[in-house]
2 protein chains.
Amino acid sequence: MANTSSRTLRLLSLLQTHRYWPGTELADRLEVSVRTLRRDVDRLRELGYPVEAQRGAEGGYQLAAGAALPPLVVDDEEAVALAVGLRMAAQGSVAGIEESSVRALTKIVQVMPPRLRRRIEALRAATVPTVWGTGPTVDAGVLTAVAQACRDEERLRFSYKARGGELTDRHVEPHRLVSLGRRWYLVAYDLTRHDWRSFRLDRLDGPRSTAERFRPRELPAEDAAAFVRNGIDNIAAPHSFEAVVHAPAGTVRGLIGQWATVEEIDEGRCRLRMTSETLDWPAMALGVVGAEFEVIHPPELIGHLRDWATRFTRATGG
Amino acid sequence: MANTSSRTLRLLSLLQTHRYWPGTELADRLEVSVRTLRRDVDRLRELGYPVEAQRGAEGGYQLAAGAALPPLVVDDEEAVALAVGLRMAAQGSVAGIEESSVRALTKIVQVMPPRLRRRIEALRAATVPTVWGTGPTVDAGVLTAVAQACRDEERLRFSYKARGGELTDRHVEPHRLVSLGRRWYLVAYDLTRHDWRSFRLDRLDGPRSTAERFRPRELPAEDAAAFVRNGIDNIAAPHSFEAVVHAPAGTVRGLIGQWATVEEIDEGRCRLRMTSETLDWPAMALGVVGAEFEVIHPPELIGHLRDWATRFTRATGG
DNA sequence: TCGATAGCGGCCACTTTCTGACCTGAATGA
DNA sequence: TCATTCAGGTCAGAAAGTGGCCGCTATCGA
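From a predicted model like this one, the values you see are computed outputs, not experimental measurements.

**Student:** What should I look at first to understand the overall build of chain A in this one?
**Tutor:** Along the backbone of chain A there are 11 helices and 11 strands. Sequence separation of at least 24 residues holds for 57% of the intrachain contacts in chain A that already meet a minimum separation of 6.

If you want it as structure tokens, here you go:
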């Protein structure tokens, strides 16, 4: 614990936990002279982490935003928060970052002390559903196990429920994970069937990594996403949707600004746009808005709203 | 870039990105001899990061889970995923980790290159609403700015919309952030009013950190959360809600099982229970269910549903 | 305007460590 | 059995890291 590298790391972590540090205090904590501290700071700067300094009375050091992200030193609670957040992100709450979420999650989970893993597991129950829960969700454990096998080029065994419902045991060389339209797919070379297959992760159970490593084969497709896309017949194509709401843009934005874009038309009206895979979303949005509106597009939405309305009317004895 | 500390860090990051590494390859990448690599590995082990090794043919090194989390070396995309996930977590999708999410978020945002910040901003639009999305939400920028000021003990200025609606400028010594019932509060010492106050973050605008640091005062309360709890009169009491749905329990569970509890009554009917702060949620749930139902409780819900129904009917020209 | 504070960095002498080379040993799997 | 790969001791030379000293500069408050 007494050598330079570890001290430099500790310095980095100190700079991350608190913005300003007087040089003397840092030197004190690291148990070195101020001169050496300056040299340590120089070292960090040479490594590309921009440590800024204020001179004069009340001066000090601080870590600024640089070209690259420094290694993040997080404590236990923060690590749990990271993992939980990433898990949500990986489940597809935000379009476009699923893959990197899983990568980061795998990275963290791999080195995470067991006690923290247990804490995350305990928090699972507390998770409020993020996505409009139509559709099966993938267990985060399965997700990371498979992602890890892909990354580490380790053969994988699991049981798979095929479309018909029958369970089969599989032994594959995992190639890549693909997130497509709220579903996760594993593209892998099936060692029993001697061919490439794609597997839906929500139908995959009990993945266990064998220790066998393998040399990656070349996928006979442009990329993994294309391979999956070819294999599945129907991806739910997102509808785009548009309506005019008879309420000020500001009000509407306050109510549902997060799920839709709101453009002002005039003082009392605004245009609402959103895309969604189901018609439920626009219906909910228009319900929450609490104002009169007209549907511009698509026509199917009108039928859908009418269905809600008749059911609601019937249920309320109207 | 040629010295030991940076190499040790690079080794750590290599071990994080890929599970198995043959010693020779690692040595190659780090441009040192195998002997030195072994010494580097020893160094990591001394620092508490358990690097495991397999001997024999096909052997290699890997980083296992240890007592503490090593500094995380993440790439750009992963960093974005982290930030986005944490932001969701901070908005209260998971009970109990809001505070640590914000802490971690602050840490990351502070050192994050501007280009990544822009990417996160761009992703904001794509975010699916955090669940109980009907209340006012806190802007993530405000949240991190305030959190940073708390952490760094820097005075803060902002404008605040009081209950009446009038805007006032405030100058405070921020003490702590408290997340309570889906809302964020800042506990701070108001320098103009010479007293402790709590501020709702969603009413707080344009926080700017003055560079003035201060010595923390002692809060005249057990802790910050208690202080906030004393100050607010009405925590929105969640309504409990109940309905009978004319559809099989399994079907209903598949559709909205994540947000409500579903009990089977008989083959074709089930009982739906949930609690929510607003009446919008049950309405949405009943809409998504797509089946006939009766509201058991509470009576206000009936009026609410009727309102939706009439608006929908009018809008669809029925 | 001046003085106190605090970061900057050169210089030097001394100490520590790092490094590569070479070696033997031990575990592992074909 | 043998090849492979990690483990770790020893050695000498090279390369750092370290603390103490110095004068310098930026900043702030009196």
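Moving on from the model shown.
**Student:** Looking at this model, I keep getting lost on the sheet that holds strand E11 (residues 293-297) of chain B. Mind explaining?
**Tutor:** All names here are of chain B. Strand order in the open sheet formed by 4 strands is E9-E10-E8-E11, and the pairing between neighbours is antiparallel. The open sheet has two edge strands, strand E9 (261-266) and E11, and neither has a second partner. Taking each pair of neighbouring strands and ignoring which way they run, the sheet shows an average axis angle of 25°. Of the strand pairs in this sheet, E9 and strand E10 (residues 269-276) are connected by 5 bridges, and their pairing is antiparallel. When the bridges of E10 are listed, threonine 261 appears paired with arginine 273. Packed on one face of the sheet, helix H10 (residues 280-289) meets strand E8 (239-245), E10 and E11 and runs near 150° to E10.

**Student:** Hey, could you run me through the interface of chain A and chain B in this one?
**Tutor:** Quoted interface sizes are often the accessible area lost when the parts come together. In this assembly, 100 residues from chain A lie in contact with 101 residues from chain B. Between chain A and chain B the total buried area reaches about 9,500 Å² when both faces are included, carbon and sulfur atoms providing 62% of it. The tally of links between chain A and chain B comes to 10 salt bridges. The partner of Arg103(B) in a salt bridge is Glu78(A), and the shortest N-O contact between them spans 3.2 Å. Broken down by secondary-structure element, the contributors of at least two residues to the side of chain A that touches chain B are helix H1 (4-17), helix H4 (76-93), helix H5 (98-111), helix H6 (114-124), helix H7 (140-152), helix H10 (280-289) and helix H11 (299-315) of chain A. The biggest single contributor to the side of chain A that touches chain B is H4(A), with 11 residues. Class assignment for the residues of the side of chain A that touches chain B results in 54 nonpolar, 25 polar and 21 charged.

**Student:** Help me out: how do you make sense of the relation of the copies chain A and chain B in this one?
**Tutor:** Two copies of the chain are present, and they differ by a rotation about an axis and a shift along that axis. Superposition of chain A onto chain B requires a rotation of 177° combined with a translation of 0.8 Å along the rotation axis, giving an RMSD of 2.3 Å. The superposition of one copy onto the other is thereby described by a two-fold rotation axis. Using C-alpha coordinates, one finds that chain A approaches the rotation axis most closely at Ser5(A), a distance of 1.5 Å. Most of the interface of chain A is mirrored in chain B, where 100% of its interface residues again form contacts.

**Student:** Explain the sheet that holds strand E6 (residues 195-200) of chain B here, please?
**Tutor:** Within a sheet, adjacent strands bond to each other through the backbone by hydrogen bonds, running parallel or antiparallel. All names here are of chain B. Spatial ordering of the open sheet is given by E6-E5-E4-E3-E7, a layout of 5 strands whose pairing is antiparallel. Because the sheet does not close on itself, it has two edges, and the strands there are E6 and strand E7 (204-213). Recorded for the sheet is a direction-independent mean angle of 45° between the axes of neighbouring strands. In terms of strand pairing, strand E5 (residues 183-190) meets E6 through 6 bridges, oriented antiparallel. When the bridges of E6 are listed, leucine 186 appears paired with phenylalanine 199. Running over the sheet, helix H7 (residues 140-152) touches strand E3 (154-161), strand E4 (167-180), E5 and E7 and is turned about 85° from E4. Packed on one face of the sheet, helix H8 (residues 224-231) meets E4, E5 and E6 and runs near 120° to E4.

**Student:** Looking at this model, I keep getting lost on the packing of H11(A) against H10(B). Mind explaining?
**Tutor:** Two elements in contact, H11(A) and H10(B), have axes separated by 10 Å at closest approach and are oriented at 115°. Classified by the interaxial angle, the pair formed by H11(A) and H10(B) is roughly perpendicular. For the element pair H11(A) and H10(B), the recorded crossing hand is right-handed. Facing Trp308(A), Arg311(A) and Phe312(A) of H11(A), the residues of H10(B) in contact are Ala283(B), Met284(B), Leu286(B), Gly287(B) and Val288(B). Counted by class, the contact of H11(A) with H10(B) contains 6 nonpolar, 1 polar and 1 charged residues.

**Student:** Just to check I follow, could you spell out the protein's contact with DNA strand C for this structure?
**Tutor:** Around DNA strand C sit 24 residues in total, of which Gly23(A), Arg7(B), Thr36(B), Arg39(B) and Arg43(B) are the nearest. Within 4 Å of the protein, the atoms of DNA strand C are drawn from sugar and phosphate moieties in a proportion of 55%. The side chain of Thr36(B) places a nitrogen or oxygen atom 2.3 Å from a phosphate oxygen of DNA strand C. Counting residues per element, the surface near DNA strand C draws most heavily on helix H3 (residues 34-46) of chain B, which supplies 4 residues. Its residues assigned to classes, the surface near DNA strand C shows 6 nonpolar, 8 polar and 10 charged.

**Student:** I keep staring at the environment of Glu78(B) and nothing clicks. Help me out?
**Tutor:** Positionally, Glu78(B) belongs in helix H4 (residues 76-93). Look past the residues within four positions of Glu78(B) in its chain and what remains in contact with it is Ser100(A), Arg103(A), Ala104(A), Lys107(A) and Val73(B). Separated by 3.2 Å, the side chains of Glu78(B) and Arg103(A) make a polar contact.

**Student:** Is there a simple way to think about the protein's contact with DNA strand D in this case?
**Tutor:** Around DNA strand D, the surrounding shell holds 25 residues, and the nearest of these are Arg7(A), Thr36(A), Arg39(A), Arg43(A) and Gly23(B). A share of 58% is what sugar and phosphate atoms reach among the atoms of DNA strand D within 4 Å of the protein. The side chain of Tyr61(B) places a nitrogen or oxygen atom 2.8 Å from a phosphate oxygen of DNA strand D. Sorting the residues of the surface near DNA strand D by element identifies H1 and helix H3 (34-46) of chain A together with H3, strand E1 (51-54) and strand E2 (60-63) of chain B as the ones contributing at least two each.

**Student:** So what exactly am I meant to see when it comes to the nonpolar core here?
**Tutor:** One broad trend across soluble globular proteins is that nonpolar side chains are buried collectively. Core analysis: the biggest nonpolar cluster contains 78 residues, and Leu15(A), Leu72(A), Leu15(B) and Leu72(B) have the highest contact counts within it. Each residue touching Leu72(B), except ones within four places of it in the same chain, is listed here: Pro70(A), Pro71(A), Leu72(A), Val74(A), Leu82(A), Ile108(A), Val111(A) and Gln16(B). Among the nonpolar cores identified, the runner-up in size contains 58 residues, and Phe241(A), Met284(A), Phe293(A) and Ala285(B) belong to it.

Rules behind the numbers
- Residues numbered from 1 in each chain as written.
- Chains lettered and ligands numbered in written order.
- Predicted model: local features only at pLDDT ≥ 70, side-chain atom pairs only at ≥ 80, totals over all residues.
- Heavy atoms only, no water.
- Helix = DSSP H or I, 4+ residues; strand = E, 2+ residues; numbered from the N terminus.
- Contact = heavy atoms within 4.5 Å.
- Pairing = 2+ DSSP bridges.
- Axes fitted to C-alpha atoms, helices over the stretch in contact; angles between N-to-C directions.
- Buried area = accessible area lost by both parts, 1.4 Å probe.
- Salt bridge = Lys/Arg side-chain N within 4 Å of Asp/Glu carboxyl O.
- Nonpolar A, V, L, I, M, F, W, Y, C, P; charged D, E, K, R; others polar.
- Least-squares fit on C-alpha atoms with pLDDT ≥ 70 in both.
- Parallel < 35°, antiparallel > 145°, perpendicular 65-115°, else oblique.
- Left-handed = near helix turned anticlockwise from the far one by under 90°.
- Near = heavy atom within 4 Å.
- Polar contact = N/O pair within 3.5 Å; in protein donor to acceptor, adjacent residues only side chain to side chain.
- Core = buried A, V, L, I, M, F, W, Y, C linked by side-chain atoms within 4.5 Å.
- Buried < 20%, exposed > 50% of the residue type's maximum accessible area, 1.4 Å probe, protein only.

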